[in-house]
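Breakdown of the fold
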Amino acid sequence: MPRRMIKEEILPFTTIQKLVDYDVWVTERSVCLLPEEAQGFVVILDLTGWSIVNATSTGMWYCKALADVGAPHYPERLSQMLIIGAPWIFTATFNVIYSWLDERTQDKIKLLGPESQYRPVLEKIMDITMLPKIAGGLAELSGPEGFEAQHRRDAPVHHSRN
């Protein structure tokens, strides 16, 4: 069974806006963890297993919401976005999403296919031990366990750059 970008079954428990808020939270945490000399970050989006069933209106709305939030708030933070494991059928959906982005952002996005195509690109820009196992690397993923506790309204916000 193919993985879905946004499972319709999750929507009774959350909203697209909360999912976008989670993405913003992850991005903000990433920015706080950047060393002072860092100019930006690289986003790697793994589409292994993506199929036409993922091209739902909900999934597209989510992508549009991410584009709307990301472009004005992080225009210079995104150094590059690598979309890996992208099957050929994704191209049509990608062209729609791509059209929502400004030209500067479009220039930062690379659409890559299977591991044989994306692995050499990743090896040039990162320590491959940081790449998650599911994408052919060595790193274990820990998941979003800390999000709920740190995303509460009463949780303290820390903006240190340690």
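Residues numbered from 1 in each chain as written. Predicted model: local features only at pLDDT ≥ 70, side-chain atom pairs only at ≥ 80, totals over all residues. Heavy atoms only, no water.

Okay, the environment of I84 next. Topologically, I84 is positioned in strand β2 (residues 78-84). Each C-alpha atom of the pair I84 and P114 lies 6.8 Å from the other, and the pair is 30 residues apart in sequence. Contact partners of I84, with chain neighbours within four places excluded, come to I44, L45, D46, L47, T48, L112, G113, Y118 and A135. (Helix = DSSP H or I, 4+ residues; strand = E, 2+ residues; numbered from the N terminus. Contact = heavy atoms within 4.5 Å.)

A few words on the confidence of the model for the protein chain. Close inspection of predicted coordinates is inappropriate in any region flagged by low pLDDT. With 81% of its residues at a pLDDT of at least 70, the protein chain reaches an overall mean of 76. Throughout residues 145-162 the model reports pLDDT below 50, and contacts reaching past four residues in sequence, or to other chains, amount to 19 contacts. (pLDDT = per-residue confidence, 0-100.)

Further remarks concern the sheet that holds strand β3 (residues 109-111). Reading across the sheet, the three strands line up as β1-β2-β3 and stay open at both edges, with parallel pairing between neighbours. Strands at the two margins of the open sheet, each flanked by one partner only, are β1 (41-46) and β3. The average undirected angle you get between the axes of adjacent strands in this sheet is 15 degrees. Relative to β2, β1 is paired through six bridges, and the arrangement is parallel. By the bridge assignment, V42 is partnered in β2 with Q80. Helix-sheet contacts for helix α5 (residues 115-125) involve β1 and β2, and the interaxial angle to β2 is about 155 degrees. (Pairing = 2+ DSSP bridges. Axes fitted to C-alpha atoms, helices over the stretch in contact; angles between N-to-C directions.)

It is worth spelling out the pairing of β2 at this point. Counting buried positions along β2 gives six out of seven residues, so the element sits mostly inside the fold. As paired strands, β2 and β3 are joined by three bridges and run parallel to one another. The partner of L82 across the bridge, within β3, is K110. (Buried < 20%, exposed > 50% of the residue type's maximum accessible area, 1.4 Å probe, protein only.)

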